[in-house]
Amino acid sequence: LFPSHDTDSINAIAAVGFPPDLALGMSDEFSKDSQSAFKVHFQDSPIFQGIFLNTDSEKLKDIKIRKAISLSIDKQKIVDSFFSGKLLPATSIFSPMDPLFEKFKNQFSIKEARQLIESSGYKLGSDQFYEKDGKKIELTFRTSAGLKILESIQVLICNDFQRVGIKCNIKNQPHRYRDWE
């Protein structure tokens, strides 16, 4: 956030602690007012949201299942739908500003995800979810309750999982609550 004049104003706000959805709202508000002294500039940062999987889970120990989960998430759609395309989809844990960053193609493929699941011995059941030995690929997806943007993205991702044949249950909790089971 940069004012175009007035040195006693805010010159910049760091990306940390300043949610992109709030910045988008402010950008829209300032752009409507041709007299506004403020402009919002978007810049890549080392901050990203990620999905972390419990690899102790029997079904998630299989790298093919984890790869299928990754392939089933349309990351570009998330960025376009919720952030007006002003951010880059995270394709790595490294920021584009990090020397370790490697540019990967944003991968999204329902067909490839299904092929990986099937190559791990799962069959599509009559309910359109994959199962093996009577057990479905079923994920419990948690995020902090009350953060509307995260909850909305979570619903979109669960819909992507279900399109692939992975059952997704949302179980959000207040961000201070710990469930260690």
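Preceding block: the structure.
Residues numbered from 1 in each chain as written. Predicted model: local features only at pLDDT ≥ 70, side-chain atom pairs only at ≥ 80, totals over all residues. Heavy atoms only, no water.

A tally of helices and strands in the protein chain yields five helices and seven strands. In the protein chain, which comprises 181 residues, the share counted as buried stands at 27%. Considering only residue pairs separated by 6 or more positions, the protein chain has 60% of its internal contacts joining residues 24 or more positions apart. When the accessible area of the protein chain is evaluated, it comes to approximately 12400 Å², of which 52% is carbon and sulfur surface. (Helix = DSSP H or I, 4+ residues; strand = E, 2+ residues; numbered from the N terminus. Buried < 20%, exposed > 50% of the residue type's maximum accessible area, 1.4 Å probe, protein only. Contact = heavy atoms within 4.5 Å. Areas by Shrake-Rupley, 256 points an atom, 1.4 Å probe, with all protein chains shown as cover.)

One pass over the full model with this rule turns up one disulfide. Across a sulfur-sulfur distance of 2.0 Å, C158 and C168 are joined as a disulfide pair. With C158 in helix α5 (residues 148–164) and C168 in strand β7 (residues 167–170), the pair connects residues that are 10 residues apart, well separated along the chain. As far as the burial class goes, C158 and C168 line up, both buried. (Disulfide = S-S within 2.5 Å.)

Let us now look at the side chain of K75. Summarising the element assignment, K75 is placed in helix α3 (residues 75–83). D74 provides the closest opposite charge to the buried, unpaired K75, separated from it by 7.8 Å. Separated by 3.0 Å, the side chain of K75 and the backbone oxygen of S70 make a polar contact. (Lys, Arg positive; Asp, Glu negative; His and termini not counted. Salt bridge = Lys/Arg side-chain N within 4 Å of Asp/Glu carboxyl O. Polar contact = N/O pair within 3.5 Å; in protein donor to acceptor, adjacent residues only side chain to side chain.)

So, on to the sheet that holds strand β4 (residues 130–132). Hydrogen bonds between backbone atoms are what pair the strands of a sheet, whose relative direction is either parallel or antiparallel. Taken together, the three strands give an open sheet; going across it, the order is β3-β4-β5, and neighbouring strands pair in antiparallel fashion. Only two strands of the sheet have a single partner each, and these edge strands are β3 (123–124) and β5 (135–136). (Pairing = 2+ DSSP bridges.)

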